[in-house]
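Coordinate analysis (summary)
These are the residues of each chain, in order.
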Amino acid sequence: MTADVGTGLIALGAGLAVGLAGLGTGMAEKDVGAAAVGAITENPKMFGKAMVFMVLPETIVIFGLVIAIMAIFVM
Amino acid sequence: MFRSTGKKGNYAYTSARVKAKKSKLLREEDYNKMLMMSVPEISHYISDAGYSREIADLATRHSGLDLLEYATYANMAKAFRSILLASTGELYDMVLAYLTKWDFWNLKVVLRGKSYGLAADQIREDLVPAGKLQEDSLNKLLAAGTIEDTLAVFSAMAHVHFPTEILNSYKDTHSLGDIEDYLVKVYYKNLLELFGTDTRPSLIFRNYIRSEIDVLNLETVLKLKAGGILGEAGMKYYVPGGIEIDEKLMLQMLTAPDMKTLEGSVAQIQIAADIKGVLPTNPTMQEIVAAMKQYEIGLANSVAHMYPLSVIPVFDYMIHKENEVGNIRMIARGTESGLDRETMKTLLVM
């Protein structure tokens, strides 16, 4: 199987889009998660709200994933 | 005195915990209800507001006002220790350093108790084991015979050196004034020496402590003025290290002949402008203490909002908790001694 340089760069770009977005999400979730656990420790009723805030940074990965899919299938 | 862990602290976790704890503190309407109650009713009311374990634990040994006083301080000490144990790294170091305030408080309580010839159990009522010195160490302080022995025991445990002139001054006058002033200065000096300006968290810590020193110095000046004490004599109470009030300004404030001149000399500093709104024209000692406490609470609150992921939200909670305990004890003592509700209301800090 042979592939040209352009295809390789597209694959690399798609990988970076998901990878870097995931890294950013991880950094954001570190503090959000720690704060969520702290709040739930004091008040277990906060679980629902904490969960919502916890998943918010995960939208960043979805953006990365969309870019990756576009790179692979549209370009 | 402290060994730095050198690791970054868990600011997000600890800040969220203290904010959740702060949201559970008593509010104005709770105090208004408590003003209408007897001491046993207040004990019952606060047991529903987070003090239940301490009230239940101590109810077999104490009752009435004693029970309430023991329970409130025990609860406060437990809350502060739980925050300390939940924090890690440099945050732990900062919280522990700040909590040494209670070691100095406990020493003052023991010294005053001994100088008035109180029994160890009576002195124990006012001890708050929230600092580095826990129950065993405090028992050693209580067991020491004389004031000099107590200072020697504290010196060995807390690594605080008492200069000969302070000890000689006590021997000559039998007044604890100089020792107490020295303790305040040592506490703030230690805090400023421990945390430099090298990292952002320690810079935030340091600036907050320096603002606290300014509040303390201004309170000293206002109290001296209200007490009719003018001149350089007040300089012995000056605590160095503040942001706005340096030695020169302190002297200028102390030598001001009246409140109007004093206002003129402090017009350029921010803290004076902030405090002007809450302080009446010719304040009494009580009004000064209440206004400064109010300002301290407001300062902690606003700085905690400015730096949400720092040690300040922890201090903010601690100051609010201490104030809550002070309010509960004031209402209980006032009710027990038959003080009228309006007077008690003016003494509340909210």
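Residues numbered from 1 in each chain as written. Chains lettered and ligands numbered in written order. Predicted model: local features only at pLDDT ≥ 70, side-chain atom pairs only at ≥ 80, totals over all residues.

We now examine the overall build of chain B. The helix and strand inventory of chain B stands at 18 helices and zero strands. Against the compact-globule benchmark of 20 Å for 350 residues, chain B has a radius of gyration of 20 Å, which places it among compact chains. In terms of overall dimensions, chain B has C-alpha extents of about 55 × 50 × 45 Å along its principal axes. When each of the 350 residues of chain B is scored for burial, the buried share is 35%. (Helix = DSSP H or I, 4+ residues; strand = E, 2+ residues; numbered from the N terminus. Rg over C-alpha atoms; globule rule 2.2 N^0.38 Å. Buried ≥ 20, exposed ≤ 12 C-beta atoms within 10 Å, placed from the backbone.)

Here we come to the overall build of chain A. For chain A, the helix and strand inventory stands at three helices and zero strands. In chain A, the succession of α and β elements from N to C terminus is α-α-α. Against the globule reference of 11 Å for 75 residues, chain A gives a C-alpha radius of gyration of 18 Å, more extended than a compact globule. Dimensions along the principal axes, computed over C-alpha positions, put chain A at roughly 60 × 20 × 15 Å. Considering chain A as a whole, with its 75 residues, one finds that 15% of them fall into the buried category. Long-range contacts, defined as pairs at least 24 residues apart, comprise 73% of the intrachain contacts of chain A with a sequence gap of at least 6. (Contact = placed C-beta atoms within 7 Å.)

Not every positive phi belongs to a glycine, and B:H159 is a case in point at roughly 55°. We classify B:H159 as exposed; it has 11 C-beta atoms within 10 Å.

On the chain A side, the residues contacting the nine residues of chain B number nine residues. Class assignment for the residues of the side of chain B that touches chain A results in four nonpolar, three polar and two charged. (Nonpolar A, V, L, I, M, F, W, Y, C, P; charged D, E, K, R; others polar.)

Residue and element names in this part refer to chain A. It is at 9 Å that the axes of helix α1 (residues 5-42) and helix α2 (residues 47-55) come closest, and there the two elements cross at 180°. When the interaxial angle is binned, α1 and α2 end up roughly antiparallel. When α1 is examined against α2, the residues E29, V32, G33, A36, A39 and I40 are found in contact with a partner set consisting of F47, A50, F53 and M54. Here the contact of α1 with α2 is built from residues that sort into eight nonpolar, one polar and one charged. (Axes fitted to C-alpha atoms, helices over the stretch in contact; angles between N-to-C directions. Parallel < 35°, antiparallel > 145°, perpendicular 65-115°, else oblique.)

Moving on, we get to helix α8 (residues 135-143) of chain B. Residues and elements named next belong to chain B. Turning to α8, its buried residues are L138, L141 and L142. End-on view of α8: buried residues confined to an arc of 100°, all on one side of the axis. Residues of α8 that are exposed and point more than 90 degrees away from the buried face comprise D136 and A143. Of the surrounding secondary structure, the elements contacted by the buried residues of α8 are α6 (101-115), α7 (120-124) and α9 (147-158). (Arc of directions from axis to C-beta.)

Residues and elements named next belong to chain B. Counting residues in hydrophobic clusters, the biggest one holds 62 residues, and the most contacted among them are M94, V95, V311, V314 and F315. Top element by residues in this core is helix α4 (residues 64-86). It accounts for 10 residues. Excluding residues within four positions of it along the chain, V314 makes contact with T14, V18, I83 and V95. One finds Y237, Y238, M253 and I271 within the second-largest nonpolar core, a separate group that totals 16 residues. (Core = buried A, V, L, I, M, F, W, Y, C linked by C-beta atoms within 7 Å.)

We now examine helix α17 (residues 312-336) of chain B. The end-to-end C-alpha distance of α17(B) is 36 Å, a good match for the 36 Å that 25 residues give at a rise of 1.5 Å each. B:G338 occupies a position one or two residues after α17(B) and carries a positive phi of about 80°. (Expected span 1.5 Å × (residues − 1).)

A few words on the packing of α8(B) against α9(B). Residue and element names in this part refer to chain B. Two numbers describe how α8 lies on α9: the axes approach to 8 Å, and their chain directions differ by 155°. Relative to α9, α8 is oriented roughly antiparallel. The handedness of the crossing between α8 and α9 comes out as right-handed. Side by side, α8 and α9 meet where S137, K140 and L141 of the first sit next to T150, V153, F154 and M157 of the second. (Left-handed = near helix turned anticlockwise from the far one by under 90°.)

Below, the discussion takes up the environment of B:E342. Looking at where B:E342 falls in the secondary structure, it is placed in helix α18 (residues 341-347). Considering only alpha carbons, one finds B:E342 and B:D126, 216 residues apart in sequence, at a separation of 26 Å.

Taken residue by residue, chain B gives an average pLDDT of 89. The fraction at 70 or more is 98%. In the predicted assembly, ipTM is 0.76 and pTM is 0.88. (pLDDT = per-residue confidence, 0-100.)

All names here are of chain A. By the secondary structure assignment, A14 is in helix α1. Along the backbone, A14 and V66 are 52 residues apart, and their C-alpha atoms lie at a distance of 9.3 Å. If we ignore the near neighbours within four places in the chain, the residues touching A14 are A68, A71 and I72.

Looking now at the environment of B:Q122. Residue and element names in this part refer to chain B. Relative to the helices and strands, Q122 is located in helix α7. Since 12 C-beta atoms lie within 10 Å of it, Q122 is described here as exposed. Taking the C-alpha atoms as reference, Q122 lies 38 Å from N207; in sequence the two are 85 residues apart.

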